[in-house]
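Spelled out, the chains give:
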Amino acid sequence: LLDEGVLAIDLGHYRLHQDALEIKREAVLVETISRHYPDLDYDALTVAQQKNYVKDLRSELPPVFFELERFIKQLKGGQSPKVDRMSMELKKQLVHPAQALTAAAQETAWQLVTEINPADVFLLYCHNKRRFFEKYPGWPSCKKGWAVNLIKQRYVPQATV
């Protein structure tokens with residue numbers, strides 16, 4: 001889909017929307033934490049406590065977590081990471097619909113993105129609510145609480161045509 005121009009990895013997009021990268025990084029962290037501490041109130045953690053969980057669960061965190069951290073630091077430092085050097089897992093995290101697509105094609109592409117990478121619960125909720133609500137009951141309370149708070153804070157309903 002990248003080669004066909006349906007999906008893209010646009011560094012400029014992520015320079016402008018670094019908050020989206022933070023959500024992706026946090027989603028990976030919450031997924032790992034919730035497996036080990038299912039009843040933890042993630043949103044009550046301070047930044048220092050979150051860093052301690054990263055340190056304690058370092059061997060349990062998937063490599064894409066650390067790739068996302070490096071990617072975020074590189075963008076903040078003004079560097080341009082090379083897409084061809086990224087792991088497939090990081091590419092799955094970063095793809096989004098190409099800007100050249102029509103609005104309807106972009107929405108369809110977003111649904112494909114959520115199938116490729118359902119870990120980003122915010123995008124899942126925005127673009128594939130059916131799948132979000134299928135998965136939600138099986139999540140530990142730690143992940144549920146984080147997802148609900150994230151959606152409350154960030155979701156802006158879009159008018160559909």
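About the thresholds
Residues numbered from 1 in each chain as written. Predicted model: local features only at pLDDT ≥ 70, side-chain atom pairs only at ≥ 80, totals over all residues. Heavy atoms only, no water. Helix = DSSP H or I, 4+ residues; strand = E, 2+ residues; numbered from the N terminus. Buried < 20%, exposed > 50% of the residue type's maximum accessible area, 1.4 Å probe, protein only. Contact = heavy atoms within 4.5 Å. Areas by Shrake-Rupley, 256 points an atom, 1.4 Å probe, with all protein chains shown as cover. Expected span 1.5 Å × (residues − 1). Arc of directions from axis to C-beta. Phe/Tyr/Trp six-rings, centres within 6.5 Å; stacked < 30°, edge-to-face > 60°. Lys NZ or Arg CZ within 6 Å of the ring centre and 35° of its normal. 1 Å grid on protein atoms, 1.4 Å probe; cavity = no way out; pocket = protein on both sides within 12 Å on 5 of 7 lines; lining within 4 Å. Points joined across faces, edges and corners; volume = space filled by probe spheres on them. Nonpolar A, V, L, I, M, F, W, Y, C, P; charged D, E, K, R; others polar. Core = buried A, V, L, I, M, F, W, Y, C linked by side-chain atoms within 4.5 Å. Salt bridge = Lys/Arg side-chain N within 4 Å of Asp/Glu carboxyl O.

Draft legend 1. Spotlight on the overall build of the protein chain. The helix and strand tally for the protein chain stands at 9 helices and 2 strands. Reading the protein chain from its N end, one meets helices and strands in the order β-α-α-α-α-α-β-α-α-α-α. The C-alpha extent of the protein chain, read off along each of the three principal axes, is 40 × 35 × 25 Å. Looking at the protein chain as a whole, 39% of its 161 residues are labelled buried. Intrachain contacts of the protein chain at a sequence separation of at least 6 include 63% that bridge at least 24 residues. Summed over all atoms, the accessible surface of the protein chain reaches about 9,400 Å², with 53% contributed by carbon and sulfur.

Draft legend 2. Representation of helix 9 (residues 141–154). Taking 1.5 Å of rise per residue, the 14 residues of helix 9 would be expected to cover 20 Å, and the 20 Å separating its terminal C-alpha atoms lies within 8% of that figure. Residues of helix 9 that are buried: Cys142, Lys143, Trp146, Ala147, Leu150 and Ile151. Within helix 9, the buried residues cover an arc of 150° as seen down the axis, which keeps them to one side.

Draft legend 3. Representation of the environment of glutamine 18. Inspection of the secondary structure puts glutamine 18 in helix 2 (residues 18–36). It is 21 Å that separates the C-alpha atoms of glutamine 18 and proline 157, two residues lying 139 residues apart in sequence. In contact with glutamine 18, other than residues within four places in its own chain, are Leu75 and Lys76.

Draft legend 4. Geometry of the side chain of asparagine 117. Tracing the backbone shows asparagine 117 in the loop between helix 6 (103–116) and helix 7 (121–127). Discounting chain neighbours no more than four positions away, the residues touching asparagine 117 are Lys92 and Gln93.

Draft legend 5. A look at the packing of aromatic side chains. Enumeration according to the criterion identifies 10 aromatic pairs in this entry. Relative to phenylalanine 66, the ring of phenylalanine 65 has its centre 5.1 Å away and its plane inclined at 90°; by these criteria the two rings are edge-to-face. With relative accessibility at 14%, the residue phenylalanine 66 sits in the buried group. Chaining the aromatic ring pairs together yields one cluster made of Tyr125, Phe132, Phe133, Tyr136, Trp139 and Tyr155. Over the ring of tyrosine 125 we find lysine 129, and its NZ or CZ is 4.6 Å from the ring centre. Geometry around phenylalanine 122 places arginine 154 over its ring, the cationic atom sitting 5.6 Å from the centre.

Draft legend 6. How the structure looks around the layout of surface pockets. Considering only enclosed or pocket space, the second largest pocket measures out at about 340 Å³ in volume. If you go around the second largest pocket, you meet 13 residues; those closest to its centre are Glu22, Arg25, Val47, Lys51 and Glu69. Among the elements of the structure, helix 2, helix 3 (47–56) and helix 4 (63–76) are those that each provide at least two residues to the lining of the second largest pocket. Among the residues forming the lining of the second largest pocket, the class breakdown is 4 nonpolar, 1 polar and 8 charged.

Draft legend 7. Spatial organisation of the nonpolar core. In this structure, Tyr42, Phe71, Leu94 and Trp146 are the most contacted members of the largest nonpolar core, which totals 43 residues. Those elements that provide at least two residues to this core are helix 1 (11–16), helix 2, helix 3, helix 4, helix 5 (88–94), helix 6, helix 7 and helix 9. The contacts of phenylalanine 71, once residues within four sequence positions are left out, are Leu11, Tyr14, Leu21, Pro81, Met86 and Leu94.

Draft legend 8. Seen up close, the pattern of salt bridges. Under the defined criterion, the tally for this structure stands at 9 salt bridges. Across the salt bridge formed by arginine 25 and glutamate 69, the nearest N and O atoms sit 3.8 Å from each other. Here arginine 25 is found in helix 2, whereas its partner glutamate 69 is found in helix 4, with 44 residues between them in sequence. Across the pair arginine 130 and glutamate 134 runs a salt bridge, and its minimum N-O distance is 2.7 Å. Of this pair, arginine 130 and glutamate 134 both sit in helix 8 (residues 129–135), separated by 4 residues, roughly a single helical turn. Where salt bridges share partners, they join Glu22, Arg25, Glu69 and Lys76 into one cluster.

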